[in-house]
Amino acid sequence: MKIIVANWKMNGDLRFVDKFIEEINSIKSKNIVVVCPQTALIGRFYNFHYHLGAQNCFCVENGAFTGENSPKLLKQMGCKYVIIGHSERRMIFNEQDDLIFQKWKVATDQKLIPIVCIGETLENRNNWKKVISKQLNLFLDKPLGNTIFAYEPIWSIGTGIIPADNEIISAFEFIKDLLGQRIPLLYGGSVDSKNARSILSFNNIDGLLIGRASLKISEFKKIIQI
Ligand code: PEP
């Protein structure tokens with residue numbers, strides 16, 4: 001059984017949301033399937049048969065923070081998971097490791113399952129060990145509970161470029177050595193129905209974090225049925 005998470009960046013028509021929910025609900029999967037839509041859509045998933053997650057949360061439980069999303073409310077809205085530190089948050093919104101750690105703490109306090117994203121830019125491709133060690137540093141001496149991590153090389157997200165087999169294997173070995181074998185670790189970056197099975201066959205890979213392919217219903221159906 002693998003963990004298949006959709007970072008479901010749907011910004012279009014609500015009718016597509018309903019169609020997606022209906023079609024995915026009709027499919028049986030032996031995997032843990034989690035769909036993380038943008039917060040505005042979470043209520044629309046009230047009848048979804050699989051798990052629901054958020055794409056981000058605020059670093060404080062609740063309070064007067066106009067425009068931010070309280071982890072406590074996300075939980076009450078039916079989210080079981082929350083993605084934290086996605087590279088788009090790190091790069092576009094300039095989220096730093098300490099803020100990401102703060103969000104992890106609050107999410108954990110609210111009994112949300114955090115999916116913490118790590119990964120290096122193309123510029124830092126040769127320095128990936130250093131980048132990943134820094135991103136993980138604050139987590140290493142903490143009780144990680146049921147936290148999930150996702151290794152997403154940023155140069156692979158949305159580009160169609162997948163790291164070579166040996167690159168994936170050594171990254172997973174390195175990260176699992178740091179975190180411990182027990183902590184689930186997902187791969188993310190240009191996964192589709194054609195490459196999903198072979199990526200999942202590598203040692204140490206507990207699941208996938210999927211962007212674009214989760215917006216194609218036929219693709220996502222194939223992936224969750226692996
Ligand atoms: C993502 O958005 O986290 C992602 C992995 O995207 P894609 O699958 O499109 O590369």
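Residues numbered from 1 in each chain as written. Predicted model: local features only at pLDDT ≥ 70, side-chain atom pairs only at ≥ 80, totals over all residues. Heavy atoms only, no water.

Peer 1: Where do I start with the pattern of salt bridges in this structure?
Peer 2: If the charged atoms of two oppositely charged side chains come close together, the side chains can form a pair. In the structure shown here, the tally under the stated rule is 13 salt bridges. Note that K19 is salt-bridged to E23, the shortest N-O span being 2.9 Å. In this pair, K19 and E23 are both assigned in helix α1 (residues 14-25), 4 residues apart and thus about one turn of the helix distant. Exposure remark for K19: the relative accessible area of 42% places this residue in the partly exposed category. Put simply, D97 and K134 hold a salt bridge, and the shortest N to O gap is 2.7 Å. Of this pair, D97 sits in helix α4 (residues 97-109) while K134 is found in helix α5 (residues 128-136), placing the two residues 37 residues apart along the sequence. D97 sits in the buried class, given a relative accessible area of 13%. (Salt bridge = Lys/Arg side-chain N within 4 Å of Asp/Glu carboxyl O. Helix = DSSP H or I, 4+ residues; strand = E, 2+ residues; numbered from the N terminus. Buried < 20%, exposed > 50% of the residue type's maximum accessible area, 1.4 Å probe, protein only.)

Peer 1: So what exactly am I meant to see when it comes to the pairing of strand β5 (residues 113-118) here?
Peer 2: Remember that side chains alternate between the two faces of the sheet whenever the strand is regular. Of all the 6 residues making up β5, 6 are buried; the element is thus mostly covered by neighbouring parts of the structure. Side chains I113, I115 and C117 of β5 all project onto a buried face; the interleaved residues P114, V116 and I118 project onto the opposite face, where all are buried too. Pairing analysis gives 4 bridges linking strand β4 (residues 81-84) to β5, with the strands arranged parallel. Residue pairing across strands places I83 opposite I115, the latter belonging to β5. In terms of strand pairing, β5 meets strand β6 (residues 148-151) through 4 bridges, oriented parallel. Bridge pairing in β6 links C117 to A150. Read from β5 through α5 to β6, the crossover connection turns out right-handed. (Pairing = 2+ DSSP bridges. Right-handed = clockwise from strand over helix to strand, strands pointing away.)

Peer 1: How do you make sense of the packing of α1 against helix α8 (residues 217-224) when you look at a structure like this?
Peer 2: Look at α1 against α8: their axes get within 11 Å of each other, and the N-to-C directions meet at 30°. Taken as axis vectors, α1 and α8 run roughly parallel relative to one another. The interaxial crossing formed by α1 with α8 has right-handed handedness. Counted together, F16, K19, F20, E23 and I24 of α1 and I217, F220, K221 and I224 of α8 form the full contact between these two elements. When grouped by side-chain class, the residues that make up the contact of α1 with α8 number 6 nonpolar, no polar and 3 charged. (Axes fitted to C-alpha atoms, helices over the stretch in contact; angles between N-to-C directions. Parallel < 35°, antiparallel > 145°, perpendicular 65-115°, else oblique. Left-handed = near helix turned anticlockwise from the far one by under 90°. Contact = heavy atoms within 4.5 Å. Nonpolar A, V, L, I, M, F, W, Y, C, P; charged D, E, K, R; others polar.)

Peer 1: What should I look at first to understand the site of the ligand in this one?
Peer 2: Around the ligand, a shell composed of 13 residues is seen, among which K9, H86, G158, S190 and R212 lie nearest. With respect to the ligand, the side chain of E152 contributes an N or O atom lying 2.9 Å from an oxygen atom. At 2.8 Å from an oxygen atom of the ligand is found a side-chain nitrogen or oxygen belonging to R212. The residue makeup of the shell around the ligand, split by class, is 3 nonpolar, 7 polar and 3 charged. (Near = heavy atom within 4 Å. Polar contact = N/O pair within 3.5 Å; in protein donor to acceptor, adjacent residues only side chain to side chain.)

Peer 1: I keep staring at the nonpolar core and nothing clicks. Help me out?
Peer 2: Here is a general trend for soluble globular proteins: nonpolar side chains tend to be buried in one another's company. Judged by nonpolar contacts, the single largest core of 60 residues is most densely connected at F45, L208 and F220. Those residues within four positions of F45 in sequence are excluded, and the remaining contacts are W8, V17, F20, I21, V35, P37 and L52. V5, C36, C117 and L209 belong to the second-largest nonpolar core, a separate cluster that totals 13 residues. (Core = buried A, V, L, I, M, F, W, Y, C linked by side-chain atoms within 4.5 Å.)

Peer 1: Is there a simple way to explain the side chain of S190 in this structure?
Peer 2: In this fold, S190 is placed in the loop between β7 (185-188) and α7 (196-200). Given the relative accessible area of 11%, S190 is considered buried. Within the structure, S190 has its side chain in polar contact with the backbone nitrogen of G160 (distance 2.7 Å). Polar side-chain contacts of S190 include one of 3.2 Å to the side chain of R212. If we skip the residues at most four places from it in the chain, S190 touches S156, G158, T159, G160, I161, I162, N195 and R212.

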